[in-house]
Structure formats: C-alpha cells, structure tokens
Amino acid sequence: MTSRTGSAPRIDLHAHSTASDGTLTPAELVGAAFHAGLDVLAITDHDTTAGWAPAVGALPPGLRLIRGAELSCRWSGAQPAVPLHLLAYLFDPDHPELVAELARVRAAREERGERMVGLLQADGIDVNWPDILAGAGGGTVGRPHIAQALIRAGLVDSVREAFGPDWLGERYRLPKEDIDVFRAVRLVREAGGVPVFAHPRATRRGRVVPDELIAELAAAGLAGLETDHEDHSPAEREHVRALAAELGLLVTGSSDFHGTHKTVQLGAFSTSVEAYERIVAEGVTEVASG
Ligand code: AMP
Ligand code: FE
Ligand code: FE
Ligand code: ZN
C-alpha cells in the first residue's frame, strides 16, 4: 500500500460524524480526514450506518474509506453488567438481524435519553428533550447531546465537566439497553463483518472486563483489539498489545474522533498496514476509494 504523502500510510479506524455524536457531517468528516493527511479512515458511528452513503459520496481522491459502526454492547458476567463498545468493519449493512438489532438499540437510546432528561428536570434543571433530540439532528442520540444542552443552559462549562460524577457520568446516567457482546460478535461475523473490541482497557471510562472474557470473545470470533487509544495509559496499551499477541488478535490504533465534542484530532493514533489488510481481507463490504 502506498501513502498519499510518501511517508508511512496513516490509517485511522475509528471516527464519528453527525450520524451519531460527532460534530462534522459525514461529508465534512472525510474532507477533514483528507486534509489531515490520512490514507484510510473508518467511519464508525454509534449503532448506525446512516453516515456511509454521504461519506462515500464525498470521498476525496486518494482517501480510502472503511465503512463501519461502533455497537453498544454489554457483558453480563458482572453485576451490574459492564457496558462496552464493539467496532464492526465492512459488514453487510442490509443483514436483517443486525439491522433490526441496531434499530432496537437506537430506539432504546431515545427512551433512555428522555428518561435522563426527566431525572434532570425532576431536580429543577432546565433542559428539555425536544431541543436535545433536535441537537442530535436525526443521528444516534447519546449523552454528548445532553452534555451540549447542559452547556447551552450554562450549567457546566465543558463536555468534560458534563461527564463528571455530578452530572452525566454518574448521578444522571442511566444504563443503555445494548447488545450482549457474544451475540454482537456472532451477528457481525454473520453479516460478513470484522469485529474489533474498542478501547478494551479504558479504566478511566469506568469498569473494564477481565482478560478471560477477551479470550472467550476471541474464541467466539473477535478479530482484534483497539490498542492505541487516548483513553489507554501507556501501561494499558502494552497490556492489550501483549494480550492480542497471546490470543492471535490483530491490534489497531485510532483517534475516536468526535469533532468538537472531544479534543482528540483525526490521525492522533494509527493502525499498521498489516492489520488494515487483515481487516480488508476478512470483510464482505469493499473498501471505498475516492
Ligand atoms: P452514551 O453512548 O450515550 O452512553 O455516551 C457515551 C459517549 O459519550 C461516548 O461515545 C463518547 O462520545 C462520550 N464520552 C464518554 N465519556 C466522555 C468524557 N469523559 N468526555 C467526553 N465525552 C465522553
Ligand atoms: Fe461517542
Ligand atoms: Fe467507544
Ligand atoms: Zn467511538
């Protein structure tokens, strides 16, 4: 694989658009990836493929696009269940069971968002659901959209503060109705896709799953582990890298770009050509080229 710039290829396999909780439209996202000098971008909105077509339609020359999604999952081996994220690449977006599951999760996110707003209102906090839903612009709704409402109302100064324990991090956080992670891995494979566990050791986000679970997921069809991610400390990255080597899983590095909803920039972390080629070889959907 040759890079656009003559240096090592830059491959960023995790980014969000306005189809979920990013702030750039899918078309703007691929434009920004081009200007950031990336060779490959994956669009991985939460629980939706709605950004695929507009991203492909706007793909600049020389940029390749991996079509993907980030599935909201849970592991029920602990009490309460541990929420986790599964990246899914190059799957058939029309696979009926997967389509139905994603629609169910998106609908449940709306109910959950409305209930979280109800909790805030019950404490006299001036936010309202129609505005938040409008702020999501038809994309998959999540806490970042509620965070923006708290900022608009002058209740917090930053997204970081909105995700603190007094707000959406704990006090007003409700669990999502997500997909059992074994079922998700199986569904993604059935749909011809390549499942990669997103930020599996991000202890700063909350509880993480034990290595034994990751070994079981590998046996169930998991393809890889996202290793280089801003939410992993250097020690956590090394741990994940060693575990992947032990289990024969590929490793990825990605920005998890969310536009101005987060500070991280496109291309902040990158994936090797070898891992990219393995994903492409295993996926049923073609890589799109501009
Ligand atoms: P939800 O899917 O509704 O539970 O919201 C989770 C989303 O919130 C993640 O995908 C991130 O985009 C964002 N998020 C989670 N924690 C933080 C944080 N500490 N700061 C900023 N954004 C966060
Ligand atoms: Fe997000
Ligand atoms: Fe994630
Ligand atoms: Zn993400």
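Residues numbered from 1 in each chain as written. Chains lettered and ligands numbered in written order. Predicted model: local features only at pLDDT ≥ 70, side-chain atom pairs only at ≥ 80, totals over all residues. Heavy atoms only, no water.

For the protein, an unreviewed UniProt entry supplies the name Phosphatase and the organism Micromonospora arida.

1. Regarding the site of ligand 1
Under the convention used in this document: The criterion for a residue being near a molecule or strand is simple. One of its heavy atoms has to lie within 4 Å of it. Polar contact is defined as a pair of N or O atoms within 3.5 Å, subject to the rule that within protein one atom must be able to donate a hydrogen and the other to accept it, and that residues adjacent in sequence are counted only when both atoms are side-chain atoms. Accessibility throughout is a Shrake-Rupley quantity obtained with a 1.4 Å probe, and a residue counts as covered only by protein chains that appear here. Helix and strand labels come from DSSP, where a helix needs a run of H or I of at least four residues and a strand needs a run of E of at least two; each type is numbered from the N terminus. Only Asp, Glu, Lys and Arg are considered charged, only Ala, Val, Leu, Ile, Met, Phe, Trp, Tyr, Cys and Pro nonpolar, and every remaining residue, Gly among them, polar. Boundaries of every domain are those given by an automatic assignment or by a domain database.
Surrounding ligand 1, one finds D21, H46, R109, R112, G142, R143, P144, V159, F163, K176, H258 and K262. R109 places a side-chain nitrogen or oxygen 3.1 Å from an oxygen atom of ligand 1. Separating an oxygen atom of ligand 1 from a side-chain N or O atom of K176 is a distance of 3.1 Å. When ligand 1 sits alone it has 500 Å² of accessible area, and the protein chains cover 82% of it. If you list the elements that add at least two residues to the shell around ligand 1, you get α3 (96-122) and α5 (143-152). Here the shell around ligand 1 is built from residues that sort into 3 nonpolar, 3 polar and 6 charged. Looking at which domains feed residues into the shell around ligand 1, each of domain 1 (11-103 + 176-289) and domain 2 (113-172) gives three or more.

2. Some points on the coordination of the iron ion (ligand 2)
Formally: Each metal site is built from N, O and S donor atoms within 2.8 Å (3.2 Å for Na, K and Ca), and since water is not included, such sites may look incomplete. Every geometry call rests on angle ranges, with four donors termed tetrahedral when all angles are between 85 and 135 degrees, four termed square planar and six termed octahedral when opposite donors are over 155 degrees apart and all others are between 65 and 115, and everything else termed irregular. Accessibility here uses a 1.4 Å probe with only protein chains present; expressed as a share of the type maximum, an area under 20% marks a residue as buried, one over 50% as exposed, and anything in between as partly exposed.
Bound to the iron ion (ligand 2) on the protein side are D21 (OD), D21 (OD), H46 (NE2) and H258 (NE2), at distances that span 2.1 to 2.8 Å. Here the iron ion (ligand 2) is ringed by 6 donor atoms whose angles at the metal span 51 to 158°, and the overall shape comes out irregular. Binding-site remark: the iron ion (ligand 2) is held by donors from one chain whose sequence spacing is D-x24-H-x211-H. The buried category is assigned to H46, whose relative accessible area is 7%.

3. A word on the domain arrangement of the protein
Keep this limit in mind: Residue contacts are defined here by distance: any two heavy atoms, one from each residue, within 4.5 Å place the two residues in contact. By definition, the buried area sums, over both parts, the 1.4 Å-probe accessible area that each loses when the two are put together.
When cut into domains, the protein gives domain 1 (11-103 + 176-289) and domain 2 (113-172). Using only C-alpha atoms to locate each centre, domain 1 and domain 2 end up separated by 25 Å. Listed per partner, the contact involves 8 residues of domain 1 and 7 residues of domain 2. When domain 1 packs against domain 2, the two sides together hide about 560 Å² of surface, and 53% of this comes from carbon and sulfur. If you sort the residues of domain 1 by the area they bury against domain 2, S20, D21 and H261 come out on top, with a joint share of 66%.

4. Focus on the packing of aromatic side chains
In this description, a pair of aromatic rings is defined by centroid distance and the angle of the planes. Put simply, the rule reads: Each pair of aromatic rings taken from Phe, Tyr and Trp, with Trp reduced to its six-membered ring, is defined by centres within 6.5 Å and is described as stacked if the planes are under 30 degrees apart, edge-to-face if over 60, and tilted in the remaining cases.
Counting across every chain of the model gives 2 aromatic pairs. Measuring from centroid to centroid gives 5.1 Å for W52 and F91, while their planes differ by 55°, and the two rings are tilted. Of this pair, W52 sits in helix α2 (residues 52-57) while F91 sits in the loop between β4 (82-89) and α3; the two residues are 39 residues apart in sequence, bridging distant segments of the chain. Exposure remark for W52: the relative accessible area of 7% places this residue in the buried category.

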